[in-house]
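# Survey of secondary and tertiary structure
Chain by chain, the residues run as shown.
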Amino acid sequence: MTDCLIRDWQGKESGKAPLDLKVAKETSANGLLHRAVVRQLAHARQGTASTLTRAEVAGGGRKPYKQKGTGRARQGSIRTPLRPGGGVIFGPKPRSYAVAMNRKERRLALRTALMSRVADITVVKGFGAGLDTPKTKEITAALSRFGIEAGAKVLLILDGAPEAVARSVRNLEKVKLIAADQLNVFDLLHANKLVLSEEALAKIQEVYGDV
């Protein structure tokens, strides 16, 4: 079990919150996280690139010029891969980049990634308190009050983000907002700082706790 620092909306410390998730063994954690990140990035690839082989390129039904007497290398088709506009040798074809990883491993990797970032987690009590209309400046000021440097990549994890907060955050290039029940390994490891609401922390314990 590890404790996370709790701050109020004004940035003042107001206690600690426990975070207890089962993680992978130290000897296998790095390999597990690597496979999880590779899987996530691979699944983001569309795999729609396609080229035509010489059998699929249009034209080339007749010999471009006679076999002998021209002084040029013999050619049987204008669609040979050796000519511009010809087929492509071993070019890409539509394919799936999916990488297999069972559900237990995926959840273990997610918990391990989250627990590895405990030192960078700030839990906020009453996140967005008093923010009735979208105000990007207020979110920026709040992050500063939480001790987060300007320009740091921040992953904001909320459980049901209010419309005003969601619209305020989307203008910040370095801040990404995700739901507490939709965590992913890449975002957890890519961010410099993690900011969670109290409700999000409870949701994470509920959804990702080892049952």
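Structure: above.
### Concerning helix 3 (residues 136–145)
When helix 3 is considered as a whole, its buried residues turn out to be Ile139, Ala142 and Leu143. Taken down its axis, helix 3 places every buried residue within 100 degrees of arc, on the same side. Residues of helix 3 that are buried make contact with strand 4 (154–158), helix 4 (163–169), strand 5 (175–179) and strand 6 (193–197). One or two residues past the end of helix 3 sits Gly147, with phi positive at roughly 85 degrees.

### Some points on the nonpolar core
In this structure, Leu19, Leu114, Ile157, Leu194 and Ile204 are the most contacted members of the largest nonpolar core, which totals 34 residues. Excluding residues that lie within four positions of it along the chain, Leu114 makes contacts with Leu19, Leu21, Ile121, Leu183, Leu188, Leu194 and Ile204. Counting residues in each nonpolar core, the second largest holds 18 residues, with Ala152, Leu158, Val175 and Val195 among its members.

### Description of the packing of helix 2 (residues 103–115) against helix 6 (residues 198–208)
Between helix 2 and helix 6, whose axes approach to 11 Å, the crossing angle comes to 150 degrees. Comparing the axis directions of helix 2 and helix 6 gives the class roughly antiparallel. Remark: the crossing between helix 2 and helix 6 carries left-handed chirality. Between helix 2, through Arg107, Leu110, Arg111 and Leu114, and helix 6, the contact on the second element is made entirely by Ile204, Val207 and Tyr208.

Parameters at a glance
Residues numbered from 1 in each chain as written. Predicted model: local features only at pLDDT ≥ 70, side-chain atom pairs only at ≥ 80, totals over all residues. Heavy atoms only, no water. Buried < 20%, exposed > 50% of the residue type's maximum accessible area, 1.4 Å probe, protein only. Helix = DSSP H or I, 4+ residues; strand = E, 2+ residues; numbered from the N terminus. Arc of directions from axis to C-beta. Contact = heavy atoms within 4.5 Å. Core = buried A, V, L, I, M, F, W, Y, C linked by side-chain atoms within 4.5 Å. Axes fitted to C-alpha atoms, helices over the stretch in contact; angles between N-to-C directions. Parallel < 35°, antiparallel > 145°, perpendicular 65-115°, else oblique. Left-handed = near helix turned anticlockwise from the far one by under 90°.

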